[in-house]
Amino acid sequence: MIAYMYHNIDKPPKEAKLKTLYLKPSMFKRQLYILSKLGYKSISGKDNLLNIDLEKNYEKKIVLLTFDDGYKDFIQNAYPTIEEYGYKAIIFVVANEIGNFNRWDYKVLNVKKYLMDLEDLRFLIKKGFIIGSHTLNHPFLTKISKEEAKKEIDYSKKLLEDKLGVAIETFCYPYGDYNQDIAKMVEEAGYKYAFTTKDGKIKDSEDRFQLKRINIFGNTYLPKFILKTVRSE
Ligand SMILES: [Zn+2]
């Protein structure tokens, strides 16, 4: 099983810093084409990630497409392609910023990136996509107090469940920042899985609260993508 980490699927705006967070829609399309040719199947969101026995599926050709932050460009540029290939995706949203913009890093990145609103998220759920929590405000969880971290982890789950009417069972650490205490909090909050930014395939020994992903950036051209996908570590 492989999980991929994406951010924006779009052309980067001129003024944006860290342009590698943007993957061009044409490149995204080619990546999904390759995955389908290699025989990778997606999980079905309707069945839900949780109905998949992760342990039994480590070796299977299952792909989890994950998107951090829940940008509006997902609906415009990623969703149609994902549907075209019959795949699904997990989108990690920042619960306090739904329908807003990337308040946590727009100054650093020099660009306001708009985020999907509730209507978008409800539409995706109806289509079998999975929404996960990416906290309330996208902080570095190890750099705030334990109480604050717990609130970010617990309340984002409750808030999303209230607003979306589905169980929120997957979590993603903002900036990939976590430690054992944070992972424990995520487990205790009732999540079933948590994704990191550690690069690699999901192996059978993997801790469910420290899942790796293959990091995809704007410069992940096709040869590199294929190499990352087929290599066995
Ligand atoms: Zn993020």
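As annotated in an unreviewed UniProt entry, the chain carries the name Peptidoglycan/xylan/chitin deacetylase, PgdA/CDA1 family and comes from Venenivibrio stagnispumantis. Quoted straight from UniProt, the Subcellular location (unreviewed entry) entry for the chain says "Secreted".

(A) Expanded view of the packing of aromatic side chains. Throughout the structure, instances matching the rule amount to 15 aromatic pairs. With 5.1 Å between their ring centres and 85 degrees between their planes, F101 and Y106 make a pair best called edge-to-face. A relative accessible area of 12% places F101 in the buried class. Members of the aromatic cluster, joined through ring pairs, are Y6, F28, F67, F74, Y79, F123 and F129.

(B) Representation of the coordination of the zinc ion in the model. The protein atoms donating to the zinc ion are D69 (OD), H134 (NE2) and H138 (NE2), with metal-donor distances spanning 2.1 Å. All donors to the zinc ion come from one chain, and their sequence spacing reads D-x64-H-x3-H. Taken together, the residues D69 in strand β5 (residues 62-69) and H138 in the loop between β7 (130-133) and α5 (146-164) connect sequence positions 69 residues apart. Judged by relative accessible area, D69 falls into the buried class, the value being 5%. Taking the relative accessible area as the measure of exposure, H138 reaches 5% and is therefore buried.

(C) A look at the side chain of N8. Note on placement: N8 falls in strand β2 (residues 8-9). For N8, a relative accessible area of 2% gives the class buried. At a separation of 2.7 Å, a polar atom in the side chain of N8 contacts the side chain of D73. Once residues lying within four places of it in the same chain are set aside, the contact partners of N8 are L21, Y22, L23, Y71, D73 and K113.

(D) Fine view of the nonpolar core. Y4, Y6, L65, F67, F74, I82 and Y173 are the most contacted members of the largest nonpolar core, which totals 50 residues. Contributing elements (two or more residues each) for this core: β1 (2-6), α1 (25-37), β5, α2 (73-84), β6 (89-93), α4 (118-126), α5 and α6 (180-188). Ignoring any residue separated from it by four or fewer positions in sequence, one finds Y173 in contact with H134, L141, Y178, I182, A183, V186, A194, F195, T196 and F209.

(E) Quick look at the layout of surface pockets. Each pocket or cavity is described by its volume, and for the largest pocket that value is around 290 Å³. H7, L21, D105, H138 and Y175 are the residues nearest the centre of the largest pocket, which is lined by 21 residues in total. Where the lining of the largest pocket is concerned, the elements lending two or more residues are β5 and α3 (106-109). A class-by-class count of the residues in the lining of the largest pocket yields eleven nonpolar, five polar and five charged.

Analysis parameters
Residues numbered from 1 in each chain as written. Predicted model: local features only at pLDDT ≥ 70, side-chain atom pairs only at ≥ 80, totals over all residues. Heavy atoms only, no water. UniProt positions renumbered as here; feature names shortened; annotations may be inferred. Phe/Tyr/Trp six-rings, centres within 6.5 Å; stacked < 30°, edge-to-face > 60°. Buried < 20%, exposed > 50% of the residue type's maximum accessible area, 1.4 Å probe, protein only. Donors = N, O, S within 2.8 Å, 3.2 Å for Na, K, Ca; no water. Helix = DSSP H or I, 4+ residues; strand = E, 2+ residues; numbered from the N terminus. Polar contact = N/O pair within 3.5 Å; in protein donor to acceptor, adjacent residues only side chain to side chain. Contact = heavy atoms within 4.5 Å. Core = buried A, V, L, I, M, F, W, Y, C linked by side-chain atoms within 4.5 Å. 1 Å grid on protein atoms, 1.4 Å probe; cavity = no way out; pocket = protein on both sides within 12 Å on 5 of 7 lines; lining within 4 Å. Points joined across faces, edges and corners; volume = space filled by probe spheres on them. Nonpolar A, V, L, I, M, F, W, Y, C, P; charged D, E, K, R; others polar.

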